[in-house]
Amino acid sequence: MVSFAAPYAAMVIDARDGKVLHSRNADTRLHPASLTKMMTLYIAMEAVENGEISLDTKVKISKNAAAEPPSKLGLQAGQRIALRYLIRAAAIKSANDAATAIGEAIEGSEAAFARRMNRTAKALGMTNTTFKNMHGLTETGHMSTARDMTTLGRHVLYDYPDYYNLFSRRSTNAGIKSVNNTNRRLLDAYRGADGIKTGYTRAAGFNLVASAERGNKRVIATVFGGRSTATRNAKVAELLDLGFNRSASRVALRKPGRPAYQGKTAPVGKTIRVATAVKKSLRPVLRPTAAKQEQPSVVAAAAMSEATVAADATVVAEATVIEHDIQSALLQAQDNTGVTLVSLKEEPTPPPQPKVVTRISTAGGRHWGINVGRYNSRFAAEKMLLKTALSEMSTLDGSLRKVVKNSRGFEANFLGMSKETADLACRRLQARQVTCYTLGPS
């Protein structure tokens, strides 16, 4: 298919630090076509993460969404379909009806969603972009630039890495049928290419934001105004080659900062109350006998395990340190006076019940576990463990959350599970697009 010539623009950056490696007409406002859907998908990922909506939410298709012109999934007015399938259809097939349904499900109307798109664009630093719809069909004032779309592509890559693999799928199940990737020719032809999004209208020409990784290098290239799919892909491949040749071998990764959340407040019940950690923290106990000198450390570990169920790791660590300081003071006072001291309560607090220990035992075949990702910091790994535990309580209840540091980062693991439970938990998490693999007995 060949279109009339549209204005040409291009941008190439080193994705690792955002350095511009090439640009031409990069700040000229042009029609973005379906590159628009990157923003629709970005907001959908944001909404899921912040509890506005879930991937399993059944979205009712409006007459407006069903009436969108091709490319489309073929949705019917009144039908209900899970959000995850709409996301797949918009990302892989570039379906206009699916994109409209996503926006209406999150904000209620096309106009309201467009306002959110523009708020988010501003927060991302997309200074020359104005959105009027969710899909990118030509509309007066609906404009962007090669620079802004490159910026958006980089945020999609780094802000929501768990979703990014979606853009490299050659085909996917979109609920009512399987759909093929509009970018599969470049994905198949260019080594290292793994996304991101194509676009075409007569006014825009053939557009593409593409990302590729080779070794420790990653490059993002954007083209506006290609004359055909073939010539556009050839130009993008040329620009990616240019990017790999011009980028330095070693560059410190500087991910873009996430923008301030532009959506609605998460529903009641989604917020984790940090105060719970202090309320559940164990009080100091009697000095143990000589035969039980190890008990305080066990109590502290149990207290931390219980507290982290309801609070993030940082607050729990602080609560545990405070408790330890009080306990140490009591023990020191006993050493100096010879008098046994009781806790701050009138009656001594009994030691925790054995159930705290049995929940992390590996007896009875509970030698298995699951891994839910590797992170750059202990805090990020612990945050992911807490979030996952709360979302999959039925299978992860009773397991031990443990962060393991190695040369590549911080591994987020659930341990002390049976093989069957680990397999089931991983399958359920993968169905929610959560990266997961089982850990066998070591």
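Residues numbered from 1 in each chain as written. Predicted model: local features only at pLDDT ≥ 70, side-chain atom pairs only at ≥ 80, totals over all residues. Heavy atoms only, no water.

### Some details on the overall build of the protein chain
Operational definition: Comment: elements are numbered from the N terminus, with helices defined as DSSP H or I runs of at least four residues and strands as E runs of at least two. Here's how the labels work: a residue is buried when its accessible area is under 20% of the maximum for its type, exposed when over 50%, partly exposed in between, all with a 1.4 Å probe on protein chains only. The criterion used for residue contact is that any of the two residues' heavy atoms lie within 4.5 Å. Reported accessibility uses the Shrake-Rupley method at a 1.4 Å probe radius. Residues are deemed covered only where the shown protein chains occlude them.
Along its length, the protein chain carries 16 helices and 13 strands. Taken across its 442 residues, the protein chain has 47% of its residues classed as buried. For the protein chain, restricting intrachain contacts to residue pairs at least 6 apart in sequence, the fraction spanning at least 24 positions comes to 68%. Carbon together with sulfur atoms contributes 53% to the accessible area of the protein chain, which is approximately 21200 Å² in total.

### With respect to the pattern of salt bridges
The condition that has to hold: Every case where a carboxyl oxygen of Asp or Glu lies within 4 Å of a side-chain nitrogen of Lys or Arg is listed as a salt bridge.
Evaluation of the coordinates by the stated rule reveals 16 salt bridges. Between Arg 116 and Glu 52 there is a salt bridge, with its nearest N and O atoms 2.8 Å apart. In this pair, Arg 116 is assigned in helix H5 (residues 110-124) and Glu 52 in the loop between helix H1 (37-49) and strand S3 (58-60), connecting sequence segments 64 residues apart. For Glu 52, a relative accessible area of 18% translates into the label buried.

### A word on the packing of aromatic side chains
To keep things clear, this is the line we draw: Two rings from Phe, Tyr or Trp (for Trp, the six-membered ring) form a pair when their centres sit within 6.5 Å of each other. Planes less than 30 degrees apart are called stacked, planes more than 60 degrees apart edge-to-face, and all others tilted. Only when the NZ atom of a Lys or the CZ atom of an Arg is both within 6 Å of the ring centre and within 35 degrees of the ring normal do we say a charge sits over the ring.
Taken as a whole and judged by the stated rule, the model has four aromatic pairs. Taking the centre distance of 5.9 Å and the plane angle of 45° together, the rings of Tyr 164 and Phe 167 count as tilted. Following the ring pairs from residue to residue traces out a cluster consisting of Tyr 42, Tyr 160 and Tyr 163. If you follow Arg 258 out to its NZ or CZ, it ends over the ring of Tyr 160, 4.4 Å from the centre. A cation over a ring is seen here: Lys 419 above Trp 368, with NZ or CZ 5.3 Å from the ring centre.

### Details of the sheet that holds strand S7 (residues 193-201)
Defined as follows: In this analysis, strands are considered paired if DSSP registers two or more bridges between them. All axes are obtained by fitting lines to C-alpha atoms, using only the stretch in contact for helices, and the reported angles, taken between N-to-C directions, cover 0 to 180 degrees.
Read from one edge to the other, the open sheet built from five strands follows the order S2-S1-S9-S8-S7, with strand pairing classed as antiparallel. Strands at the two margins of the open sheet, each flanked by one partner only, are strand S2 (19-24) and S7. Strand-to-strand twist of the sheet, defined as the mean angle between neighbouring strand axes without regard to direction, takes the value 5°. As paired strands, strand S8 (residues 205-214) and strand S9 (residues 217-226) are joined by eight bridges and run antiparallel to one another. Following the sheet pairing, Phe 206 is matched in S9 by Gly 226.

### Quick look at the pairing of strand S1 (residues 9-14)
Within S1, six of the six residues are buried, leaving the element largely enclosed by the surrounding structure. Residues Ala 9, Met 11 and Ile 13 point to one face of S1 and Ala 10, Val 12 and Asp 14 to the other, with burial holding for every one of them. Pairing between S1 and S9: six bridges, direction antiparallel. In the strand pairing of S9, Ile 13 is matched with Ile 220.

### Structural notes on the confidence of the model for the protein chain
Low-confidence regions, as indicated by low pLDDT, have predicted coordinates that should not be scrutinised in detail. Applicable threshold: Residue-level confidence of the predictor is what pLDDT reports, using numbers from 0 through 100.
Per-residue confidence for the protein chain gives a mean pLDDT of 82; residues scoring 70 or more make up 76%. Model confidence for the protein chain, summarised as mean pLDDT per element, is weakest for helix H13 (residues 355-358) at 38 and strongest for S1 at 98. Confidence drops under pLDDT 50 across residues 353-364; counting only partners more than four residues distant or on other chains, this segment forms 12 contacts.

### Focus on the pairing of strand S11 (residues 400-406)
As paired elements, S11 and strand S12 (residues 409-417) share seven bridges and run antiparallel to each other. The partner of Arg 401 across the bridge, within S12, is Phe 414. In sequence, S11 turns back onto S12 through a hairpin of two residues.

### Regarding the environment of Ala 47
The residue Ala 47 is located in helix H1 in this model. Considering only alpha carbons, one finds Ala 47 and Ile 106, 59 residues apart in sequence, at a separation of 7.4 Å. Apart from the residues lying within four places of it in its own chain, the contact partners of Ala 47 are Glu 52, Ile 53, Ile 106 and Arg 116.

### Details of the packing of H1 against helix H3 (residues 83-93)
Basically, it comes down to this: An angle below 35 degrees is treated as roughly parallel, one above 145 as roughly antiparallel, one from 65 to 115 as roughly perpendicular, and anything else as oblique. It is the rotation of the near helix from the far one that decides the hand of a crossing: anticlockwise by less than a right angle makes it left-handed, clockwise makes it right-handed. Gly is placed with the polar residues, together with every amino acid not listed as nonpolar (Ala, Val, Leu, Ile, Met, Phe, Trp, Tyr, Cys and Pro) or charged (Asp, Glu, Lys and Arg).
In contact at an axis separation of 10 Å, H1 and H3 are set at 155° when each is read in the N-to-C sense. Accordingly, the angle class assigned to the pair H1 and H3 is roughly antiparallel. In this structure, H1 meets H3 at a crossing whose hand is left-handed. In this structure, H1 uses Lys 37, Leu 41, Ala 44 and Val 48 to contact H3, whose residues at the interface are Leu 83, Ile 87, Ala 90 and Ala 91. Of the residues that constitute the contact of H1 with H3, the class distribution is seven nonpolar, no polar and one charged.

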